[in-house]
Amino acid sequence: MKLAARVGRIVPSPTLSITATAKAMAAQGIDVIDFASGEPDFDTPEPVKAAAEAAIRAGFTKYTPSSGIEELRRAIADKLNTEQGLQYDTSQILVSCGAKHSLYNVAEALLESGDELIIPVPFWVSYQDQTLLNDATPVLLQTQEHDGYTIDQEALEAVITPRTKAIIVNSPGNPTGATYDRKTLEGIADVALRHDLVIISDEIYEKVLYDGVQHVSIATVSPEVAARTVVINGVSKAYAMTGWRIGYAAGPKALLTAMANVQSQSTSNPCSISQKAAVAALRLGDPFTKMMVEEFDRRRRVMVDGLNNIQGVTCRMPTGAFYAFPNTSGVLSRRWKGQPIGSAAGLATYLLNEAHVAVVPGEPFGSGLHIRLSYATAMEAIERGLTRIEAALGRLS
Ligand SMILES: Cc1ncc(COP(=O)(O)O)c(C=O)c1O
């Protein structure tokens, strides 16, 4: 059978496959510590579960409007208005099966062969593959660890060509945990306005922030910028609802209408029950998320301090999301059984096999020197995992 060429350009999501390997090892009775999966370890809040149960009991189990129920789209529009001062009509909001699906709808509606999408490096794994799946070309914009992975306006200008269609902005970012301040976002917006670029602003970690950092959506820079920005968000990370699969996009009407048409011909509506649950989540306000983020903050410090105490490893303190992204270049030349570890991928394999600690290697995020560890896991697991990593690295020669 001859498959479409586009599937040959992509790989399965590495974060999902490492998590699956760790789970398979655990199922064999191996005590694996999982720092790979990118989801809160908290349970979905009770009022959200109750809303889902009520939806089932009330028979709210049929197709809904393809773009999502009006009640949820209204709740999202209200959230964007009260929290960010952004004004959208509900026709400019599309509810999808997770923020990943929202991003995919953007890629399908916007990109075609010959188009270039600028992706700042390090990047969340799916940006690149979703671009390739839609026949467009990812253009990687290198950012620097020493200045907090900020986007430099000159460096951005340098990668723009007549084919550049859009740029991804992901703050707070996965895998680095970096956040952009308003000045940085104004710089990006300025370039986007001058070069007529669409801005795809992935704000899924919007509420997972530390050290008093405030979230800024690039769409708030000016109405002209909002008119060329599609904001992506969802309930997965803020309300511990990764399995419910509700994400959303808000933005210019022409793009959102095209995305809605794509969705109506592909998945139809997102799960009716999950939509009711998402309404309840958005009504929760911030107390649940704040409680969760306070706990992540404690774990963040233990994880990052612990990594920095390991010889050969250095780790920036992230200001958002729930990942540590340590630089492991100091250990990559070390050897195990005579063979050099060599790369982040080699290190992740070594840690999984020899320390039973699952981490994601940096390569799929665009760095061969880093590994990603999620600290959205129990403090006890973080402490044990760090001890194991230190001991395992100490066994290298
Ligand atoms: C940066 C980023 N964007 C989007 C998503 C997708 O989120 P969802 O679970 O809502 O599809 C993730 C999930 O890991 C992410 O890290």
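Residues numbered from 1 in each chain as written. Predicted model: local features only at pLDDT ≥ 70, side-chain atom pairs only at ≥ 80, totals over all residues.

Looking now at unusual backbone geometry. Where the residue is not glycine, phi is negative for most of them; where a peptide bond is considered, it is trans in most cases. Residue Pro 122 follows Val 121 across a cis peptide bond; omega there is 0°. Mapped onto the elements, Pro 122 comes out in the loop between strand 3 (116-121) and helix 5 (125-133). That bond from Asn 174 to Pro 175 is cis: its omega, 20°, falls within 30 degrees of zero. Among the secondary structure elements, Pro 175 is positioned in the loop between strand 5 (164-170) and helix 7 (182-194). Although it is not a glycine, Lys 337 sits at a positive phi angle of roughly 50°. Structurally, Lys 337 is set in the loop between strand 10 (335-336) and strand 11 (339-340). (Helix = DSSP H or I, 4+ residues; strand = E, 2+ residues; numbered from the N terminus.)

The sheet built from three strands is open, its strands ordered 9-14-13 with antiparallel pairing. Both edges of this open sheet fall to strand 9 (323-324) and strand 13 (360-361), since each of them pairs with a single strand only. (Pairing = 2+ DSSP bridges.)

Taken in spatial order, the seven strands of this open sheet run 2-8-7-6-5-3-4, and their pairing is mixed. The open sheet has two free edges, formed respectively by strand 2 (93-96) and strand 4 (137-142), since each of these has just one partner strand. Along the sheet, successive strands turn relative to each other by an average axial angle of 20°, direction set aside. Two strands pair when backbone bridges link them, and strand 6 (residues 198-202) and strand 7 (residues 229-234) are joined in this way by four bridges, in the parallel orientation. If you follow Ile 200 over to strand 7, its bridge partner there is Val 230. Relative to the sheet, helix 3 (residues 70-84) contacts strand 2 and strand 8 (247-250), its axis offset from that of strand 2 by approximately 120°. Those strands touched by helix 4 (residues 99-110) are strand 2, strand 5, strand 6, strand 7 and strand 8, and its axis lies near 40° from that of strand 8. (Axes fitted to C-alpha atoms, helices over the stretch in contact; angles between N-to-C directions. Contact = placed C-beta atoms within 7 Å.)

As a matter of local geometry, the ligand sits amid 13 residues, with Gly 98, Ala 99, Lys 100, Asn 174 and Ser 236 nearest to it. Among the residues making up the shell around the ligand, the classes are represented as three nonpolar, eight polar and two charged. (Near = placed C-beta within 6 Å. Nonpolar A, V, L, I, M, F, W, Y, C, P; charged D, E, K, R; others polar.)

Moving on, we come to the pairing of strand 8. The alternating pattern of strand 8 places Gly 247 and Ala 249 on one face and Tyr 248 and Ala 250 on the opposite face, and all of these are buried. With four bridges connecting them, strand 2 and strand 8 associate as antiparallel partners. The residue of strand 8 that forms the bridge with Ser 96 is Gly 247. As judged from the four bridges shared by strand 7 and strand 8, these two strands associate in the antiparallel manner. Bridge pairing in strand 8 links Val 231 to Ala 250. (Buried ≥ 20, exposed ≤ 12 C-beta atoms within 10 Å, placed from the backbone.)

At a closest axis distance of 10 Å, the pairing of helix 12 (residues 344-355) and helix 13 (residues 379-394) adopts a crossing angle of 105°. Taken as axis vectors, helix 12 and helix 13 run roughly perpendicular relative to one another. Residues Tyr 350, Leu 351, Glu 354 and Ala 355 of helix 12 form the contact with helix 13, whose participating residues are Arg 388, Ile 389 and Ala 392. (Parallel < 35°, antiparallel > 145°, perpendicular 65-115°, else oblique.)

For the rest of this paragraph, the subject is the domain arrangement of the protein. Splitting the protein by domain gives domain 1 (5-43 + 288-394) and domain 2 (50-283). Facing the 34 residues of domain 1 at the interface are 31 residues of domain 2. Broken down by secondary-structure element, the contributors of at least two residues to the side of domain 1 that touches domain 2 are helix 1 (14-27) and helix 11 (287-308). Of all the elements, helix 11 adds the most residues to the side of domain 1 that touches domain 2, at seven residues. Broken down by class, the residue content of the side of domain 1 that touches domain 2 amounts to 16 nonpolar, 10 polar and eight charged. (Domains from an automatic or database assignment.)

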